[in-house]
Amino acid sequence: MKFPVEWLREFVPTTLDDKALADKLTMAGLEVEEITPSEDGPVYHTKVTPNRGDWMSLLGVARETAATLDTKMSWLPTPLPDENDDVRRWAGVVITDTALCPRYAGKVVRNVTIGPSPDWIQKRIAACGMRPVNVVVDVTNYVMLELGQPLHAFDYDTIPEGKIVVRPANAGETIITLDGAERALQAGMLVIADREKPIAVAGVMGGAETEVTDSTRHIFLEAAQFDPGSIRRTSKVLGLSTDASYRFERTVDPELVPLALERAAELLADLAGGEIALGRIDLYPAPKRALPIELRPTRTNAILGTNLTDETIAQSLTRLGLIVDASASPFKVLVPTFRTDLLKEIDLIEEVGRMIGYDTLPETLPPSAGGGGVDAPRGKFAGDLRTVLTSIGLQEALTHSLAAPSSFDDPEKTDERVAIRLALSAELSGLRQSLVPNLLGVLSHNLRQREPDVRLFEVGKVFAKGEGVSNYLETRSVAGVLTGAVSPRRWTGEEIPAIDFYAAKGVVEALFTRLRLPKPQFVPGQVHGMHPGRTALVEIDGQPIGYVAELDPDAVKSELNVPASVGRVAAFELDADALLAVSADTRHYTPLPRFPAVTRVLAVVVDSEVGYWALESTARSVVEETLLEEIAPESIYTGEKIGEGKKSVAIRFVFRAADRTLTDAEVETQMRAVETALAERVGAVHR
Amino acid sequence: MTPYEELAQIATEAADAVDNAATVAQLDGVEVDFLGRKGRLTGLLRLVGSLPAEEKPQFGQAVNVRKAELLERLGARKGGLAAAERTARLSADSVDVTLPGRNVWNGGPHPITRQMQAVKDALISMGYSFDEYPDIEHYHYNFEMLNYPPDHPAFDEQMSFYIDDTHLLRTQTTAFQAHVMEGRKPPIRQATIGKCYRYEAVDATHSHTFHQVDLLAVDEGLTLADLKGTFAQLTKMLFGDVTIRFRPDFFPFVEPGVEVAIQWGDGWLELGGAGMVHPNILESMGIDSERYTGFAWGLGIDRMPMAKYGIDDIRLFAENDVRFLRQF
């Protein structure tokens, strides 16, 4: 809410300047977010928490201010007894649902002159952010701002015989509201009706047909109490939030009804020359009473962590206008109807805390609960993944889980996408199924910023619909995208290779090695959007847990919006939960070798399509395991000398025995076996 | 020439040769020439035979003295030359140390995850255990179990992304509270950290996705003062000696409710909401709210690095421009 500070000072005189007063209120919970100038002097912009509808008026703010400053308000509105029933000659009201409308009051002001309201009213409501309209509308708004009770003025002559019915709408009924929109009402929405049709949406907005116009002569003024939840539902369904509905949703003190009604009528008589019909209609079949709550001072101190005296506690509540019987044990506290948020003892304890000031609370640490804090395995593993990937030169990115569909999404998984209901834009239409499309977007952004070398990774959740209703799967994934040079360009003139499939595979292998995960298998495969000849599925014990690949070069050109100069782009994505499941600390000390190793290099020629792994696994199957220390590719060569469709592969073997120096003959035996096996099983020719 | 004269002359020549040698190699030559098996000084010993018997020992001694002198001279000269040669050799091998090193790519964590890790480490050290909870949350956990009355304006602060009639993207990590209390009895010291989602127009200070850390402590005798001390301890670990601010605020799941902030620059950095767990929640979880009390908070993560590093636009975090990320 916003209001001129001067208005507040009329209720609560104080010597504090505007800033100091604002700080006091903020520290008591009524936050003054900013102070701006206006034609009516400095204006406070306050943040009203959803439980404090009473702060939506000067009266409520003044009450809080007086309590905070421990002073008295300079005036409080007092109800005028008005037992006269003259008004019943003019109007009549029936409430059909007192749960939705616990109180309804009306008053008739006759022979008003419609014109602009006086300057001081216009300035004030304008400073509060409302637009001056005419004297009648302005007066109802002024009183609403002052006391917090929304009011509505009907053109009396548009209501046949002045007969009002407060009732739930019937299905199919419509109304044209003050803003000129025709609105379809749902059965159960509370309306103000004449004998036939709705003339206002109760507590939300009046109807155009009964609007006060320049030719209006008599006014029917309404002040009422409506059920907050009902007003809120109606306002939501109609998409119509007004100053009135905003207040009703937050509850309005029912005792304000007669006060506001009389205050507005008086102002209209003064400012619009109206004659007040004596008496008021006021239907309030079940008046709300002050709420009794018991408060234990010991409990108060136990919650706040304080040592307040009974007297301090009682005084804190008295300042707020609560009625405290401190002679009783526990205290008996009566909560007036203007504080609908105070329902239980704990609510009163908060009030005590607010009045003594949270800033006066001591700072203590709770006792240990025994046992220290630990991180969940999943959180810790995510940290481990980050440590490895950042240490080998990848930069972490953090992208939104909400994402637009991407051409890199797997088309076979479209049905599994978790969609947002009633999405307002593509970017917010669903949850990512993979981290790679987002990372490619980031890569593309950076390439366009003329950053040619981009190496990014992300550790985050991906989402999918599972079988059945409302079954959603959240899996932790780790993914990376890389392009550019494998290391920084140097002044030494060294040739720096460009990122390719093997660069990304090296990253994946580093993850497995550093996290001591079981050795994975890399199997040629196909992944949507990836290069069909440069894609490996990553498997553990035959179970696929992800892939490493180069992007399809045509997709890079057509789908990525990157400069034409971009080279190969590589990517990987692994199921981090699956990795965590197979991770185990299997470290075990092996004594350092005491005898020398023997190295042999074997060069063979095989068909081009024979994968290296076929050679290594064949060799491994025939070599004496206890003697073999390492097998690794030494070099791969293709060319005219080797012949069309062939390649030469040199493989390095390292042999070592734990207990002796190997003889040449022993090593030869092993190598013969390898040559024979390679020749027989993969057609390898020894060079 | 007498043998003595010859000895004196050769010694002089030898000394000159040593002094004139320019390299260690030349010195080695001088040593061979004069002191080698066929060297000229060594050769003088042959003259001993031509001397009278009583002079023999004297002459032999004189030659040996000269040899010793020459050796000493050689050694001194050799040391000087070797040092000069070493200096020249290594000097020729010097590099321009002002050129950049043979560097490798550096990686680094995202500033948000770095901040989350710092928060996590601090709270773990204070005895809180972390666990993870779903981003797609049941309405029940996100709102109902957190004491939200139906049709309450408190929902206006939590515009939600709904997936279906019952599920939404969690609007607050506070949704973890009921999960925690379903599986545990007091004493409870639990925390969680992660993404939250609210339908907000994205601008320099708002995003539809943000990060929160929620904490829940339930035990006998916990007080609002304990919450204040715990918050002060965390901010000390994260920001150093800063002034904290505790002021009343409203959240349906706490009573008393607190907005927590720290002094930062000229103003206050509001970090989030906190308070004593509402007794309604403890009771609904089957925890005796007379015997046990609890405190809880939900702090925003994103504002922390923004304040610390002077980042003025929250959108930079999601843009992931490497020129931005490299700064942290």
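Procedures and definitions
Residues numbered from 1 in each chain as written. Chains lettered and ligands numbered in written order. Predicted model: local features only at pLDDT ≥ 70, side-chain atom pairs only at ≥ 80, totals over all residues. Helix = DSSP H or I, 4+ residues; strand = E, 2+ residues; numbered from the N terminus. Rg over C-alpha atoms; globule rule 2.2 N^0.38 Å. Buried ≥ 20, exposed ≤ 12 C-beta atoms within 10 Å, placed from the backbone. Contact = placed C-beta atoms within 7 Å. Axes fitted to C-alpha atoms, helices over the stretch in contact; angles between N-to-C directions. Parallel < 35°, antiparallel > 145°, perpendicular 65-115°, else oblique. Left-handed = near helix turned anticlockwise from the far one by under 90°. Expected span 1.5 Å × (residues − 1). Pairing = 2+ DSSP bridges. Nonpolar A, V, L, I, M, F, W, Y, C, P; charged D, E, K, R; others polar. pLDDT = per-residue confidence, 0-100.

Some words on the overall build of chain B
Stage number 1. When helices and strands are counted, chain B shows twelve helices and nine strands.
Stage number 2. Taken over C-alpha atoms, the radius of gyration comes to 43 Å for chain B, far larger than the 20 Å a tight globule of 328 residues would show.
Stage number 3. If you line up chain B on its principal axes, its C-alpha atoms span 135 × 45 × 40 Å.
Stage number 4. The buried share of chain B, taken over its 328 residues, is 40%.
Stage number 5. Nonlocal contacts in chain B, meaning residues at least 24 apart in sequence, comprise 64% of its contacts between residues at least 6 apart.

A few points about the overall build of chain A
Stage number 1. Within chain A, the secondary structure is distributed over 18 helices and 29 strands.
Stage number 2. Whereas a compact globule of 687 residues would reach a radius of gyration of roughly 26 Å, chain A reaches 40 Å, over 25% beyond that.
Stage number 3. Across its three principal axes, chain A shows a C-alpha extent of roughly 125 × 60 × 55 Å.
Stage number 4. The proportion of buried residues among the 687 residues of chain A is 42%.
Stage number 5. Put simply, of all contacts in chain A between residues at least 6 apart along the chain, 68% involve residues at least 24 apart.

A word on helix α7 (residues 176-183) of chain B
Stage number 1. All of the buried residues in α7 of chain B are Phe176, Gln177, Ala178, Val180 and Met181 of chain B.
Stage number 2. For α7 of chain B, the secondary structure elements touched by its buried residues are α6 (139-142), β4 (188-197), β5 (209-220), α9 (279-284) and β9 (292-300) of chain B.

A few points about the packing of helix α17 (residues 612-622) of chain A against helix α18 (residues 664-682) of chain A
Residues and elements named next belong to chain A.
Stage number 1. Interhelical geometry of α17 versus α18 gives an angle of 130° and a closest axis separation of 9 Å. What the angle tells us is that α17 and α18 run oblique. Seen from above, α17 lies across α18 with right-handed handedness. Residues Ala614, Leu615, Thr618, Ala619, Ser621 and Val622 of α17 pack against Ala673, Val674, Ala677, Leu678, Arg681 and Val682 of α18.

A word on helix α12 (residues 377-391) of chain A
Stage number 1. A rise of 1.5 Å per residue sets the reference length of α12 of chain A, with its 15 residues, at 21 Å; its end C-alpha atoms lie 21 Å apart and thus fit the reference within 8%.
Stage number 2. Glycine 393 of chain A, located one to two residues past α12 of chain A, shows a positive phi value of around 95°.

Details of the pairing of strand β24 (residues 543-551) of chain A
All names here are of chain A.
Stage number 1. The buried fraction of β24 amounts to seven of the nine residues, a majority that puts the element mostly inside the structure.
Stage number 2. Judged from the seven bridges that link them, strand β23 (residues 530-540) and β24 form a sheet pairing that is antiparallel. Its bridge partner lying in β24, glutamate 539 is registered against proline 544.
Stage number 3. Taken together, β23 and the strand that follows it, β24, pair antiparallel across an intervening segment of two residues, in which aspartate 541 is found at a positive phi of about 50°.
Stage number 4. As paired elements, β24 and strand β25 (residues 569-575) share five bridges and run antiparallel to each other. Directly across from valine 548, in β25, lies its bridge partner phenylalanine 572.

Structural notes on the environment of glutamine 327 of chain B
All names here are of chain B.
Stage number 1. By the secondary structure assignment, glutamine 327 is in the segment after α12 (322-325).
Stage number 2. Judged by C-beta crowding, with 11 C-beta atoms within 10 Å, glutamine 327 ranks as exposed.
Stage number 3. Placed 64 residues apart in sequence, glutamine 327 and glutamine 263 show a C-alpha to C-alpha distance of 25 Å.

Considerations on the interface of chain B and chain A
Stage number 1. Taken together, the contact pairs 77 residues of chain B with 76 residues of chain A.
Stage number 2. The biggest single contributor to the side of chain B that touches chain A is helix α8 (residues 224-239) of chain B, with eight residues.

What to know about the packing of helix α4 (residues 119-127) of chain A against helix α5 (residues 135-147) of chain A
All names here are of chain A.
Stage number 1. Look at α4 against α5: their axes get within 10 Å of each other, and the N-to-C directions meet at 55°. Judged by the angle between their axes, α4 and α5 are oblique. Considering the relative orientation of α4 and α5, their crossing is left-handed. Residues Ile121, Gln122, Arg124 and Ile125 of α4 touch α5, and the partners they reach there are Asp138, Asn141, Tyr142 and Leu145.
Stage number 2. When its residues are assigned to classes, the contact of α4 with α5 shows four nonpolar, two polar and two charged.

Quick look at the pairing of strand β6 (residues 244-248) of chain B
Residues and elements named next belong to chain B.
Stage number 1. Of all five residues making up β6, five are buried, and the element is well covered by its neighbours.
Stage number 2. Two elements, β6 and strand β7 (residues 254-264), share five bridges in a ladder whose sense is antiparallel. Counterpart to proline 248 in the pairing with β7 is valine 258.
Stage number 3. Following β6, the chain reverses through five residues before pairing antiparallel with β7.

A closer look at the sheet that holds strand β27 (residues 628-637) of chain A
All names here are of chain A.
Stage number 1. Strands sit in the order β27-β28-β26-β29 across an open sheet of four strands; the sheet is antiparallel. On the outer flanks of this sheet lie β27 and β29 (685-686), each paired with one strand and no other.
Stage number 2. Against the sheet, α18 makes contact with β26 (598-607), β28 (646-655) and β29, and its axis sits at roughly 15° relative to β26, the strand it touches most.

Considering the environment of alanine 307 of chain B
Residues and elements named next belong to chain B.
Stage number 1. Relative to the assigned elements, alanine 307 resides in helix α10 (residues 303-309).
Stage number 2. For alanine 307, a count of 16 C-beta atoms within 10 Å gives the class partly exposed.
Stage number 3. Taking C-alpha positions, alanine 307 is 9.0 Å from glycine 265, a pair spaced 42 residues apart along the chain.
Stage number 4. Residue contacts for alanine 307: discarding those within four places in its chain leaves Trp264 and Leu269.

Here we look at the sheet that holds strand β12 (residues 205-206) of chain A
Residues and elements named next belong to chain A.
Stage number 1. Here five strands make up an open sheet; going across it, the order is β4-β7-β10-β11-β12 and the pairing mixed. With partners counted over all chains shown, the strands left at the sheet margins are β4 (92-95) and β12, one partner each.
Stage number 2. Relative to strand β10 (residues 190-193), strand β7 (residues 163-168) runs antiparallel, the two sharing four bridges. Residue pairing across strands places arginine 167 opposite valine 191, the latter belonging to β10.

Some points on unusual backbone geometry
Stage number 1. Cis geometry is adopted by the peptide bond preceding proline 330 of chain A, which originates at serine 329 of chain A and carries an omega value of -5°.
Stage number 2. You can see proline 330 of chain A is positioned in the loop between β17 (323-325) and β18 (331-335).
Stage number 3. Here the amide bond leading from glutamate 255 of chain B into proline 256 of chain B is cis, since omega sits at -5°, within 30 degrees of zero.
Stage number 4. By the secondary structure assignment, proline 256 of chain B is in strand β7.
Stage number 5. At asparagine 111 of chain A, a residue that is not glycine, the phi angle is positive and equals roughly 55°.
Stage number 6. By secondary structure assignment, the location of asparagine 111 of chain A is in the loop between β5 (103-110) and α4.

Regarding the confidence of the model for chain B
All names here are of chain B.
Stage number 1. With 100% of its residues at a pLDDT of at least 70, chain B reaches an overall mean of 93.
Stage number 2. Across chain B, β9 holds the top mean pLDDT of 98, while helix α3 (residues 40-44) sits lowest at 85.
Stage number 3. Predicted as a complex, the structure gets a pTM of 0.89 and an ipTM equal to 0.91.

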